[in-house]
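Here is what each chain is made of, one letter per residue.
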Amino acid sequence: MKRFLIPLAIFLVLVVILGYALINLDPREVPSPLIGKPAPAFDLPQLAQPEQKFSPASMRGKVWLLNVWASWCVSCREEHPVLVQLSRSGVVPLYGLNYKDARTDGLRWLAQFGDPYVASAFDNDGRVGIDYGVYGVPETYVIDKAGVIRYKQIGPVTPEALEKKILPLVKELEKS
Amino acid sequence: MSYRNRCWTQRILFLSLLLVLANFAAPGWAKEAAPMAEDEVVEKRMVAISDELRCLVCQNESLSGSHAELAQDLRREIREMIKADKSDQQIMDFMVDRYGDFVRYRPPMKATTVLLWFGPFLLLAAAVVALIVYLRRRSARLDLSAQSALTADEKKRAEALLQQAGNPR
């Protein structure tokens, strides 16, 4: 009897481990090497006012969020109401990085669904996206007062992610 | 998550269907493919480097083979870095700085990857130890059964019984 129980036990352990990995771990989520490093500098024209520029350096001393979005991105629509609500609450300044988009498309998208951003930087050729290690839109970065990236949300910002991770982190960073 | 030009399998199927149809419709339509890049040396180095890198959008494809838009952008970056006289190591560092060790098909040896590199050998060693233990126990068991072999008397009786059983009347 024991002879059969041992392989069965090993098999069950394997099932549990593989099942856990299958359900809870997303192979698409690549840990970002940028966490704990200074947010890459850029100086891009703003989406709405091309003559004005936006640069992360201007945000020194503030905790802020940088959300990478595009009008062609389907999941951005999913997270959009969450961002609009966040911006209404005024808890943390939210800036956008309009990634590989056409200016008219981006502006139309904001007009249609609402604009939660203080401003959006216009990254037409995607170079700033590459510097930030963006590989799937939407992505959201939490950047602290010293300009260091503290957290990266890959994929849409869900209400749970906001409540459990992003907002507590923002609160903690603002204290320091 | 949303990825523009996700994985191309479906699109390629659709396009090849279109191509087949187009060939039926206009047999003289075929045209030479335009050369990918102006500079063959740069292109060769770019392909060699991007063969070592994983495309993050279609994670089962290399950067050189992927049609995802991000892969195209990254190949453009690599081309420009080659033209700017960057070394292969510098280009690799550029990618790893942004996307982590995950982009490399050959992970570097580090404290966090020791298990990845030596795990298989550990498993092999464990299996060899298990095999040795098993074989030792088995031979001990066989010795034991050899000791409990029949005495000469018992053997005679057993043979007699077997003969009886072998010649039934």
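Our structure's up above, just so we're on the same page.
Quantities reported herein were computed from a predicted structural model and do not represent experimental measurements.

A. Spotlight on the overall build of chain B. Counting its regular elements, chain B contains 6 helices and 0 strands. Each helix (α) and strand (β) of chain B, taken in turn from the N terminus, gives the series α-α-α-α-α-α. Looking at chain B residue by residue over its 169 residues, the buried ones come to 15%.

B. Region of interest: the overall build of chain A. In terms of regular secondary structure, chain A is built from 5 helices and 7 strands. Ordered by position from N to C terminus, the α and β elements of chain A give α-β-β-β-α-β-α-β-α-β-β-α. In terms of overall size, chain A is more extended than a compact globule, its C-alpha atoms giving a radius of gyration of 20 Å where 176 residues would be expected to give roughly 16 Å. Based on the C-alpha atoms only, the size of chain A along its principal axes is roughly 80 × 40 × 30 Å. Across chain A, the fraction of contacts at a sequence separation of at least 24, relative to all contacts at a separation of at least 6, is 72%.

C. Inspection of the sheet that holds strand S4 (residues 94-99) of chain A at higher detail. All names here are of chain A. Taken in spatial order, the 5 strands line up as S5-S4-S3-S6-S7 in an open sheet, and their pairing is mixed. Whereas interior strands pair on both sides, the edge strands pair on one side only; in this sheet they are strand S5 (120-123) and strand S7 (149-154). The average undirected angle you get between the axes of adjacent strands in this sheet is 20°. By the bridge criterion, 5 bridges tie strand S3 (residues 64-69) to S4 in an arrangement that is parallel. Within S4, the residue paired with Leu-65 across the bridge is Leu-94. Helix H5 (residues 159-175) rests against strand S6 (139-143) and S7 of the sheet, and its axis sits at about 165° to S7.

D. Expanded view of the interface of chain B and chain A. Facing 16 residues of chain B, the contacting portion of chain A comprises 19 residues. Elements supplying a minimum of two residues to the side of chain B that touches chain A: helix H3 (69-83) and helix H4 (88-99) of chain B. Tallied by class, residues from the side of chain B that touches chain A come to 8 nonpolar, 3 polar and 5 charged.

E. Region of interest: the nonpolar core. Grouped together as the largest cluster of nonpolar side chains are 56 residues, with contacts concentrated most on Val-137 and Tyr-141 of chain A together with Leu-56 and Val-57 of chain B. The element best represented in this core is H3 of chain B, accounting for 6 residues.

F. Molecular detail of unusual backbone geometry. Residue and element names in this part refer to chain A. Put simply, Val-137 and Pro-138 share a cis peptide bond, and its omega is -5°. Structurally, the position occupied by Pro-138 is in the loop between helix H4 (127-131) and S6. A positive phi angle, near 50°, is found at Lys-100, a position not held by glycine. Overall, Lys-100 belongs to the buried group, with 21 C-beta atoms counted inside 10 Å.

Scoring rules and cut-offs
Residues numbered from 1 in each chain as written. Chains lettered and ligands numbered in written order. Predicted model: local features only at pLDDT ≥ 70, side-chain atom pairs only at ≥ 80, totals over all residues. Helix = DSSP H or I, 4+ residues; strand = E, 2+ residues; numbered from the N terminus. Buried ≥ 20, exposed ≤ 12 C-beta atoms within 10 Å, placed from the backbone. Rg over C-alpha atoms; globule rule 2.2 N^0.38 Å. Contact = placed C-beta atoms within 7 Å. Pairing = 2+ DSSP bridges. Axes fitted to C-alpha atoms, helices over the stretch in contact; angles between N-to-C directions. Nonpolar A, V, L, I, M, F, W, Y, C, P; charged D, E, K, R; others polar. Core = buried A, V, L, I, M, F, W, Y, C linked by C-beta atoms within 7 Å.

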